[in-house]
Amino acid sequence: MRSTPARVVCPAIPERARTETRAGGHRGVANLSAPMDSNEIRATFLKFFADLDHQVVPSASLIPIDPTLLLTNAGMVPFKPYMLGEETPPYRRAVSIQKCARTIDIDIVGTTQRHLTFFEMLGNFSFGDYFKEKAIPWAYELVTDGFGLDPDRLWYSVHNDDDEAATIWIDDVGVAEDRVQRFDTDNFWQMGVPGPAGPSSEIFFDKGPEYGQDGGPAVDDERFVEIWNLVFMQYVQDEPYNVVGDLPAKNIDTGAGLERLSTVLQGVDSVFDTDLIRPVMAAAEASCGISYSDAERSDVSLRIMADHGRAVTFLIADGVVPSNEGRGYVLRRLLRRSVRHAFLYGTSELIMPELIRATVDIMGEAYPDLETRRDFITQLAEREELLFRRTLASGSRLLDQALEELDHGAALSGPTAFKLHDTYGFPIDVTAEILQERGIGLDRSGFDDLMAEQRSRARAAFKGSDEAARQDLYVALLGGIGPTEFLGYRESAGTGLVLSLIQEGEAVERAEEGQEVEVFLDRTPFYAESGGQVGDSGRIETETGTVAVRDTQHALTGVHGHRGQVIAGYIQVGQDASAAIDPMRRERIRKNHTGTHMLHWALRTVVGDHVHQAGSLVEPERLRFDFSHFEGLSQQQISDLEQVINERIVENDQITTLETTKEQAEKMGALAFFGDKYGSEVRVVRVGDYSTELCGGTHVRTTGQVGPLVVTTEGSVAANTRRVEALTGNAGFAYLAKARRMVDDTARYLQVRPEEVPDRIRALAERADDLQAQLDAHAKRSQAETAGQLAAGAVQVAGVPAVVALRKGADAVQLRALALQVRDRLDDGVVVLGSDQDGKGALVGAAARALVNRGFSVADAVLAGAQILGGGGSRDPELSQAGGPNGPAIEEALDAARKSLEKELAAL
C-alpha cells in the first residue's frame, strides 16, 4: 500500500510503529496501477523504515566531514565513523535519503541510460543491531508491498560463499531458487585494505524480453537492472578479498538509487525520462532550441546539461564555489561542460539560470534550502558562465588553429595544450573533451609534466602532509583512548592523567628534556584547533617534568593532542598532570572569536543574507573571515560593518551558550556551516538577540569585552570568495591610536586642523597635477624646438636630407619621440639619433615612407652602430631601435651609422 507523499527533510514519524515481522509471501501487485512520482517514492521509503524504529536522518551535505573524500559519494558516508567503531552511534537503526555526487563516470554521462554525477541514495542502516535475517525480508517487503513491484519480475544475487543470505531469500522470504544467482567479487564489498568487508545481495528488476535475453542478471545486465544493494558488513580483511576474521559488531548498509528506482516505478527507459530529470532537460531544450531525440548528439548534450545542471545547483547550495582546486574544480568542470554543450548549438542565451530554475522547481519540496538560496545559486552560476563563455569563444578559435597545423594522425602536443591552459585560460579538460570528440590524441603526460613543474615552482619549499595517513596512524597508536573531557569552557587550568605520548609517529612511554612530544590526557583545559579557532598553548607539569605546549590539535575526533617540548625533567605515561593554558593568549583569542560571529552577522546585514562563512582563522593577534561573495566591498560597506558592530559592542550585549539538539538549534535559527561536524547534541552561541550560531569555540561573556573591532583589510582569496581581516581589543585600539597619530603628524606638517587634512592633501595633489602638466607642456615645447634645430642642420646625402646626432642623457623613450619629430620635419629624409645613459648606449633610426618604398631600410644603419655598442636591435626599415652595454662608444657607433647611411643612400 502506498503512503501519502511527505517532505523528505523532516518527515513525520508515525504514532504506531510497524510490527517487526518478516515478509511471508508475495504481496506485490502484478503490475503497477499508476506510476509513483519521486516525492511519493521518497515518502514511502522513509515511512517504511520509520515504522520499523529507524531514526530518520536528513541528508548530510555534499561536502563530507571525512577528509579522505572530496564529495559525499554514497549514502553510508555520514555513518562511516559508526560503522568503523570510531564513534558510538546515537541510534542503532537509521534511514536516510542522501545527496551524492560522483565524477568517476563523468566522461560517459549522457551516453548511457543510467549514469549520473548527482543522484539521491535511499538507504537503511543497522549499527550492530539487526543483520541479514531482517534486512533481506524487509527489502523484499518494501519492494513488493511498498512499491508494488510484481515479484515475478524480480531477481536476486548473493555472493558465492554467502549461503546464509541465499537461504533467507529462498526459505524465509519464499522466492524461487532459480531466481537467486551467485557472483564472486561483484558481490563483495570492502571499505579499505586492511579493513571491514562483507558480502552483498542485490535486487534486480526484469524490464522485459524486448530489452534482451532471459536468464537473469548473469545473462543480461541491461534487461535486468539493479534497483537495490544490501551490504552485510561482517568481516575483516588483510588484503583484497582475503577474510581473516569477523567484525565485533555486524552492520547493515543498503543503497537504492532514487533515479534508477524511479525508472522502474515510473515505467520509463532512462533516468533522464523520470520526473527528477526530464523537466531539467526540457529547460535545456527550450534554451538551445533543440528537441530531445532530434539526433544522437543532441540526446547526449541535453542529458549532460540536465545532469550537470542538477549537480551544479546542489553543490552551490551546499557551499561549494567555483575554483581551480578540489571540489571547487569539480563544480567548475561540471558547469563548464554544461555551457560547452549548449555552446555547440550556437545559443547566445545563458543556460545555467534555466537549468537551476528547473532543478529548484522540481527538487525544492524535498530540499527547501534550494528555494532559500535560489537567487544566490543563480547569480553565482550566471557569473561563472559569462566568464567561461568569453574564454570558450576565444579558446576554441585558438585550439582550431592549433589543430589545423597538426599532421594527419598526430596528437596535440603537451606544450601546446599547456599554453592554451596557462596563457589563454582554456581548461585542459575542455581541450581533452574536444579532441576526444574529433578523434585526435593528446599528449597528456607532456601536459602533466609541465603542470607539475609549474606547481613545484609555485610551492617552492612548501611541505604537505597526508591527512588520511595521519588519521590511520593515530587510530593505530591511540586505539584505546576515548574522547578527551574538555574543561576549558569554565577553567583555564585543571588536572588529568597522561594516557599516551607520541614522538615522531611512534608511541613512547617516556619523553626526556629537550624532546618534542605530543601528550594525551583524559581531561584538559586546552582547546584543540577547530572551527577556525587556533589551539591553546601553555604548560603541562608532572612531578618529574614540564612540557611547554605550543599548540593543541585534534588527533582524532574528540581526542586532544598537546604538542610541545619537554623543557625540564621528563614526563611519563600514567602520571598525574596539571595542565594550564596561557590565560592572556586565550583571552585575546576569545575576543577575536566573538568578533568573528559579530562580523558574520554584520556582513549578512550590510552585504546580504547570501553571505555564508567559507572559512575563518581566530588567532590571538587578529581574526580572519572568508565568506561567499562575488565582488569586493566598497569603503562605505566596510564603514557600515564597523559601525553596526561597534554600536553593539557599546551596548555590551550578553553572550550566552547552551547545549541542545541540532533540530532544536535549527528552530532557534542557529547558523550551521558545511564542513563543520555536528553530532546529535550541539553547542549554540548567542550574541545578544541578533547572532545565533552553532559553535564549539570559546567566547567572552559580553560584547563590551570585544571592542573596538577594526577592519584592516578586505580582498579576494579565490573565485567568489572574499576575505576580511580585523583587530579587536587592545590591538584594535592600538591600530586606531596609530592612525590618529599619523593624521595628527600630517596635520601639523600641513599646518591645518586634523579634520582639514583630506581637503588639504586633495588640494596639494591637484596642484601637483597642474604643475606636472605645465612641466610636460614645457618639455614638449623644448623637444619640438630641439627637433626643429636638428632638422635645420640636416645635410644632403645623395639628394636625401639626413640627420645623425648625439643627444646625451636621453632615455630610449625620449630618443624615439625626438627621432620621429625630426623625421616629420624633413622632406622625405632620414634621421639616426644616439644617447648614452648609465653606461649603456642607445640608437633610434627613422626614415620617411617614401624612402622605404624605394627599398631603403634605416635598420641597416642602426644595426651597424649597434655592433659597436655590443648589442643588437630591430630590423624595421621605417623605425628601428638598438642598444648595447658599451655606452662610451656611442660617438663611434654614430659614425658607423653615418657611413652606413651614406652607402645605402648612394645605392638608391
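What you see is a predicted model, and the numbers here were worked out from it, not measured in a lab.

Chemist: Mind laying out the overall build of the protein chain, listing which residues take part and the relevant values?
Modeler: Regarding its fold elements, the protein chain presents 24 helices and 32 strands. The C-alpha atoms of the protein chain give a radius of gyration of 37 Å, which is well past the 29 Å a tight globule of 908 residues would have. The C-alpha extent of the protein chain, read off along each of the three principal axes, is 115 × 75 × 50 Å. In the protein chain, which comprises 908 residues, the share counted as buried stands at 49%. Taking contacts inside the protein chain between residues at least 6 apart in sequence as the whole, the part at least 24 apart equals 68%. By element, 47% of the accessible surface of the protein chain is carried by carbon and sulfur atoms, the whole surface being about 41,900 Å². Treating the 93 positive side-chain charges of the protein chain as one cloud and the 137 negative ones as another, the clouds have centres 6 Å apart.

Chemist: I'd love a proper account of the environment of G669, names of residues and values included.
Modeler: Tracing the chain through its elements places G669 in the loop between α18 (662-667) and β23 (681-687). Given the relative accessible area of 46%, G669 is considered partly exposed. Separated by 25 residues in the primary sequence, G669 and L694 have C-alpha atoms spaced 9.8 Å apart.

Chemist: How would you explain the confidence of the model for the protein chain if you had to name every residue and give the values?
Modeler: Per-residue confidence for the protein chain gives a mean pLDDT of 88; residues scoring 70 or more make up 92%. Taken together, the stretch residues 1-31 has pLDDT below 50 and engages in 78 contacts with residues farther than four places along the chain or on a different chain. Ignoring residues within four places in sequence, the model shows residues 458-465, a span with pLDDT below 50, making one contact including any to other chains.

Chemist: Outline the side chain of S201, supporting the account with residue identities and numerical values.
Modeler: Looking at the element boundaries, S201 is found in strand β7 (residues 195-206). Among the polar contacts made by the side chain of S201, one reaches the side chain of W169 at a distance of 2.8 Å. What S201 contacts, discounting residues up to four positions off in sequence, is S157, V158, W169, N187, W228, N229, L230 and F232.

Chemist: An account of the sheet that holds strand β26 (residues 721-727) is needed here, citing residue identities and associated values.
Modeler: Read across the sheet, four strands follow the order β20-β21-β26-β25 without closing on themselves; strand pairing throughout is antiparallel. Strands at the two margins of the open sheet, each flanked by one partner only, are β20 (613-618) and β25 (710-718). In this sheet, neighbouring strand axes are inclined to one another by 15° on average, regardless of whether the strands run parallel or antiparallel. Of the strand pairs in this sheet, strand β21 (residues 623-628) and β26 are connected by six bridges, and their pairing is antiparallel. If you follow L623 over to β26, its bridge partner there is A726. On top of the sheet, helix α19 (residues 729-750) reaches β25 and β26; it is set at about 100° to β25, its chief contact.

Chemist: Help me get a handle on helix α20 (residues 757-792), residues and values and all.
Modeler: When the terminal C-alpha atoms of α20 are compared, their 52 Å separation across 36 residues agrees well with the 52 Å that a helix rising 1.5 Å per residue should span. Of the positions making up α20, those classed as buried are V757, T786, A787, L790 and A791. Buried residues in α20 make contact with α19, β28 (800-806), α21 (812-825) and β29 (830-837).

Chemist: Requested: an account of the sheet that holds β28, with residues and values cited.
Modeler: Spatially, six strands are ordered β27-β28-β29-β30-β32-β31 in an open sheet, and the strand pairing comes out mixed. Where the open sheet ends on each side, the last strands, each with one partner, are β27 (795-797) and β31 (872-873). Contacts from α21 reach β28, β29, β30 (840-847) and β32 (879-884) within the one sheet, and its direction differs from that of β30 by about 25°.

Chemist: Any chance you could break down the nonpolar core for me, citing the residues and the numbers?
Modeler: Core analysis: the largest hydrophobic core is formed by 115 residues, its most contacted members being F45, F49, W169, I203, I227, W228 and I351. Setting aside anything within four residues of it in sequence, one finds I227 in contact with V143, L149, I203, F205, A256, L261 and V264. M598, V611, L633 and C695 belong to the second largest nonpolar core, which has 26 residues in total.

Chemist: Account for the packing of aromatic side chains, naming residues and giving values.
Modeler: In this structure the tally under the stated criterion is 23 aromatic pairs. With 5.9 Å between their ring centres and 65° between their planes, F486 and Y527 make a pair best called edge-to-face. Of this pair, F486 sits in strand β10 (residues 485-486) while Y527 sits in the loop between β15 (523-524) and β16 (538-541); the two residues are 41 residues apart in sequence, bridging distant segments of the chain. In this structure an aromatic cluster arises from ring pairing among F79, Y82, Y91, F125 and F127. For the cation-ring pair, R510 lies above Y570, with the distance from its terminal atom to the ring centre recorded as 3.5 Å. Across the ring face of Y489, the terminal group of R683 is positioned such that the distance to the ring centre comes to 3.7 Å.

Parameters at a glance
Residues numbered from 1 in each chain as written. Predicted model: local features only at pLDDT ≥ 70, side-chain atom pairs only at ≥ 80, totals over all residues. Heavy atoms only, no water. Helix = DSSP H or I, 4+ residues; strand = E, 2+ residues; numbered from the N terminus. Rg over C-alpha atoms; globule rule 2.2 N^0.38 Å. Buried < 20%, exposed > 50% of the residue type's maximum accessible area, 1.4 Å probe, protein only. Contact = heavy atoms within 4.5 Å. Areas by Shrake-Rupley, 256 points an atom, 1.4 Å probe, with all protein chains shown as cover. Lys, Arg positive; Asp, Glu negative; His and termini not counted. Charge placed at Lys NZ, Arg CZ, Asp CG, Glu CD. pLDDT = per-residue confidence, 0-100. Polar contact = N/O pair within 3.5 Å; in protein donor to acceptor, adjacent residues only side chain to side chain. Pairing = 2+ DSSP bridges. Axes fitted to C-alpha atoms, helices over the stretch in contact; angles between N-to-C directions. Expected span 1.5 Å × (residues − 1). Core = buried A, V, L, I, M, F, W, Y, C linked by side-chain atoms within 4.5 Å. Phe/Tyr/Trp six-rings, centres within 6.5 Å; stacked < 30°, edge-to-face > 60°. Lys NZ or Arg CZ within 6 Å of the ring centre and 35° of its normal.

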